[in-house]
Amino acid sequence: MERSTAKFFAVLAALLLVGAAVMGVFLNVSRQSERQYRLGVNNDYEQAYYQLTDSVGNMRVNLDKARVTRNSAMMCELMMDASVSCESAAQALYKFSADGYSASALTKFVNQVGDYSAYIHSKASKGEEITQSEYAMLQKLSSTAATVQEKLAPVREGIGAGGYEFSSRLGSLNEEFSSIMNALQDGSMEYPSLIYDGPFSDGLDQKQAKTLTGGEITPEQGAKIISEKLGSAGISGVTYSGEGNSHFKTYLYTIQDDHGSGDVQLAANGGAIVQFTFNCESGEENSFDAKENAVEFVSALGYENMVPVWSAESDGIIYMNLCFEQDGAVIYPDMVKVKINAADGHVIGCETLSYLFNHTQRSLDRPALSAEDISSRKYGELETESVRLAVIPTPGGGERLAYEVYGTAQGEKFFVYADPDTGEEVRVLMVVDGEQGELLI
Amino acid sequence: MLTKQRINGRGVLVLALILLLIAASLLAVGAGKVAAAGELLRYGSRGESVRQVQSRLNGLGYWCGTADGIFGVNTRSAVRRFQSAKGLSVDGIVGPKTYSALGISPSSSSSSGGYSSSDLYLLARCVYGESRGEPYVGQVAVAAVVLNRVKSAAFPNSISGVIYQPYAFTCVSDGQLYLEPDQSAYNAARDAMNGWDPTNGCLYYYNPATATSAWIWSRPIMLQIGRHNFCK
């Protein structure tokens, strides 16, 4: 009995030893792999840091060089290089996000400088003169870039001494490094608002809606408006759910129809429907004309002279974009979007923000060239099928008159937008079909 | 003898337990394979391509259930029925010939304002991971915030850049991004890509019941949808 007890403990001890050894190896392996992960993460941060400082340096040099050139080809080259450096700096910065922290002010700076460089590049390439204030802006941006470089410099010394750790815990950055990055967020690198014709222009934030008039309504009046305007679309049960204050003040409502519940947003000033949407549920099969339904629906909302320009169908939903038409020209900025249930044809959503912001009666200049002139012009390999006048939005929030030339080249569909006076291309769009998209011309 | 047997039994039990522990700790759980556009689709495939095929089959009257992006028994049977009706070899696998008979280009990318169908799938996953259980308009709002970030200079300039920005979205950090989105998430993502933005330009949102960042509370709230506050 004693022998067997001893045997039992011996076996148990041996098993425990084996277990401990296995655990030891396992822990060692996992600690090693943890160290490798940690090194990998820090190497990533280190690479991003070098990429960031080098790119900001290149950006600054190219902005500075612009001071001593008045040659447009040279300017194009410098601005192209500056723009590429900005993209590279932005890519590096995206890696420096951490839990509860993002380098958003610095990211905004490098993205805006890149966009502004592209704008100057575009001006120079067209042979347009770069104004004194634009040269002054390039200088200011360069000196802000210099501030960024200066503030980031101490980190490089740390890396040089070895053992600098950007992050010791998953999701957080080294405190010292965070404080350097934070110092760049707190206004120490302020630069003037950039208003220019580009997608990151500060001017876009200052846009006012042109159509909101009629004075502020109450939420109760809003509910009444919804019942009146959407009642024909089979909507009932309007419940006020709160207020929004984004571009302008809006009222939010929950609505019901036969298929379920949806949501509506109404402009507090005047009570225009900003948007409404239902999640599409299946409906009974019914034959209908989607274009007719869409036009009829927006007309009932008070949008007249609207022409369908694009539709796409997928998963039982038809999206249709309609634009205002004035003097035979399609006004793309005045767009209303409608969502239709593809089974039964009833409207299950509508979006009018673009129209509310932009719509106004425009005075369109008479073009120097006629549509026939444009039709007979050759645009690369494009086989022209139709030409019409259009007002198109520009990247900085403005708009311009252009001829819209639609055609195909090697089976692909293209839109070429041409200057109405010179016929030169101002923009080219390619239609990428896939979700049964359809042009409505 | 009996004791010895019992001891051996115990030893085996302990050994088995240790082995089980080791095995459990070394066990890696495999994940379902997601089919990329253009790939052969067969029983067990998942993803946006599968969903496109299902949607098309349903549209053509070969009912295969809800287009959920999972190639299951119903989908296989619908593919077989379709192949048989079109005189194709009936193997239940969607290859180039079946794709073409369905009128779908295998490497198709959609045309929602410059975004591709892989962007749609990624956005739908993000919507599902972040806001399933929210009202439909709240899901559209989450998708719209992603797209507003793409347009903003202060954030990455692509959908993947925004979604995978470190620590930007909880669902990416905790792996919920890998859940298969439902139809409502797809519809919400598509609404946002087609221009619906219930937040009117918001760049952030948080759930006031669970938000831990002190900074986010300093942002002015633009509107509240479901359990989320949306801010600029």
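Residues numbered from 1 in each chain as written. Chains lettered and ligands numbered in written order. Predicted model: local features only at pLDDT ≥ 70, side-chain atom pairs only at ≥ 80, totals over all residues.

1. With respect to the domain arrangement of chain B
All names here are of chain B.
Line of reasoning, step 1. Here the domain parsing of chain B yields domain 1 (48–102) and domain 2 (117–231).
Line of reasoning, step 2. Each of domain 1 and domain 2 has a C-alpha centre, and the two are 32 Å apart.
Line of reasoning, step 3. Between domain 1 and domain 2, the contact holds 6 residues from the first and 6 residues from the second.
Line of reasoning, step 4. Here the side of domain 1 that touches domain 2 is built from residues that sort into 2 nonpolar, 2 polar and 2 charged. (Domains from an automatic or database assignment. Contact = placed C-beta atoms within 7 Å. Nonpolar A, V, L, I, M, F, W, Y, C, P; charged D, E, K, R; others polar.)

2. Considering the environment of Cys86 of chain A
All names here are of chain A.
Line of reasoning, step 1. Inspection of the secondary structure assignment puts Cys86 in helix H2 (residues 72–94).
Line of reasoning, step 2. Among the residues examined, Cys86 registers 28 C-beta atoms within 10 Å and is labelled buried.
Line of reasoning, step 3. Each C-alpha atom of the pair Cys86 and Asn111 lies 6.3 Å from the other, and the pair is 25 residues apart in sequence.
Line of reasoning, step 4. Setting aside residues up to four positions removed in sequence, Cys86 forms contacts with Met59, Val110, Asn111, Val113, Gly114 and Ser117. (Helix = DSSP H or I, 4+ residues; strand = E, 2+ residues; numbered from the N terminus. Buried ≥ 20, exposed ≤ 12 C-beta atoms within 10 Å, placed from the backbone.)

3. Some thoughts on the domain arrangement of chain A
Where interface size is quoted, it is often the accessible area lost as the parts come together.
Line of reasoning, step 1. When its domains are assigned, chain A resolves into domain 1 (29–206), domain 2 (219–358) and domain 3 (371–439).
Line of reasoning, step 2. Here domain 1 of chain A and domain 2 of chain A have C-alpha centroids that lie 42 Å from each other.

4. Observations concerning helix H3 (residues 73–85) of chain B
Residues and elements named next belong to chain B.
Line of reasoning, step 1. The end-to-end C-alpha distance of H3 is 18 Å, a good match for the 18 Å that 13 residues give at a rise of 1.5 Å each.
Line of reasoning, step 2. Among the residues of H3, those classed as buried are Thr75, Ala78, Val79, Phe82 and Gln83. Looking down the long axis of H3, one finds its buried residues gathered within 135 degrees of arc, a one-sided arrangement. Those residues of H3 that are exposed and aimed more than 90 degrees away from the buried face are Val73 and Ser84.
Line of reasoning, step 3. Residues of H3 that are buried make contact with helix H2 (48–59) and helix H4 (96–102).
Line of reasoning, step 4. Of the residues trailing H3, Gly87 is marked for its positive phi of about 70 degrees. (Expected span 1.5 Å × (residues − 1). Arc of directions from axis to C-beta.)

5. Notes on the sheet that holds strand E1 (residues 204–206) of chain B
Residue and element names in this part refer to chain B.
Line of reasoning, step 1. The sheet built from 3 strands is open, its strands ordered E1-E3-E2 with antiparallel pairing. A strand with exactly one partner marks an edge of an open sheet, and here the two such strands are E1 and strand E2 (221–225). Neighbour-to-neighbour, the strand axes of the sheet open up by a mean angle of 25 degrees, direction not taken into account.
Line of reasoning, step 2. As paired elements, E2 and strand E3 (residues 228–231) share 4 bridges and run antiparallel to each other. By the bridge assignment for E3, Ile221 is matched with Cys231.
Line of reasoning, step 3. Packing of helix H6 (residues 136–151) onto the sheet brings it into contact with E1, E2 and E3, and relative to E2 it is tilted by some 140 degrees. (Pairing = 2+ DSSP bridges. Axes fitted to C-alpha atoms, helices over the stretch in contact; angles between N-to-C directions.)

6. Details of the nonpolar core
Line of reasoning, step 1. The biggest cluster of nonpolar side chains holds 100 residues, and the ones touching the most others in it are Val338 of chain A together with Leu123, Val127, Ala143 and Ala189 of chain B.
Line of reasoning, step 2. The greatest single-element share of this core, amounting to 10 residues, is contributed by H6 of chain B.
Line of reasoning, step 3. Not counting residues up to four positions away in its chain, the partners in contact with Leu123 of chain B are Ala143, Val146, Ile159 and Ala189 of chain B.
Line of reasoning, step 4. Counting 41 residues, the second largest nonpolar core, distinct from the first, contains Tyr45, Ala92, Tyr116 and Val155 of chain A. (Core = buried A, V, L, I, M, F, W, Y, C linked by C-beta atoms within 7 Å.)

7. Focus: unusual backbone geometry
Residues and elements named next belong to chain A.
Line of reasoning, step 1. The phi angle at Asp327 is positive, at roughly 50 degrees, despite the residue not being glycine.
Line of reasoning, step 2. In this fold, Asp327 is placed in the loop between strand E6 (317–326) and strand E7 (329–341).
Line of reasoning, step 3. Phi at Gln410 is positive, roughly 50 degrees, even though this residue is not glycine.
Line of reasoning, step 4. For Gln410, the position within the fold is in the loop between strand E10 (399–409) and strand E11 (412–418).

8. Observations concerning helix H9 (residues 183–193) of chain B
Line of reasoning, step 1. Extensive coverage of H9 of chain B is indicated by the burial of 10 of its 11 residues.
Line of reasoning, step 2. Taken residue by residue, H9 of chain B has Ser184, Ala185, Tyr186, Asn187, Ala188, Ala189, Arg190, Asp191, Ala192 and Met193 of chain B as its buried positions.
Line of reasoning, step 3. Check the buried side of H9 of chain B and you find it contacts strand E4 (273–278), E6 and strand E8 (347–351) of chain A together with helix H5 (117–131) and H6 of chain B.
Line of reasoning, step 4. At the exit of H9 of chain B stands Gly195 of chain B, carrying a positive phi of roughly 110 degrees.

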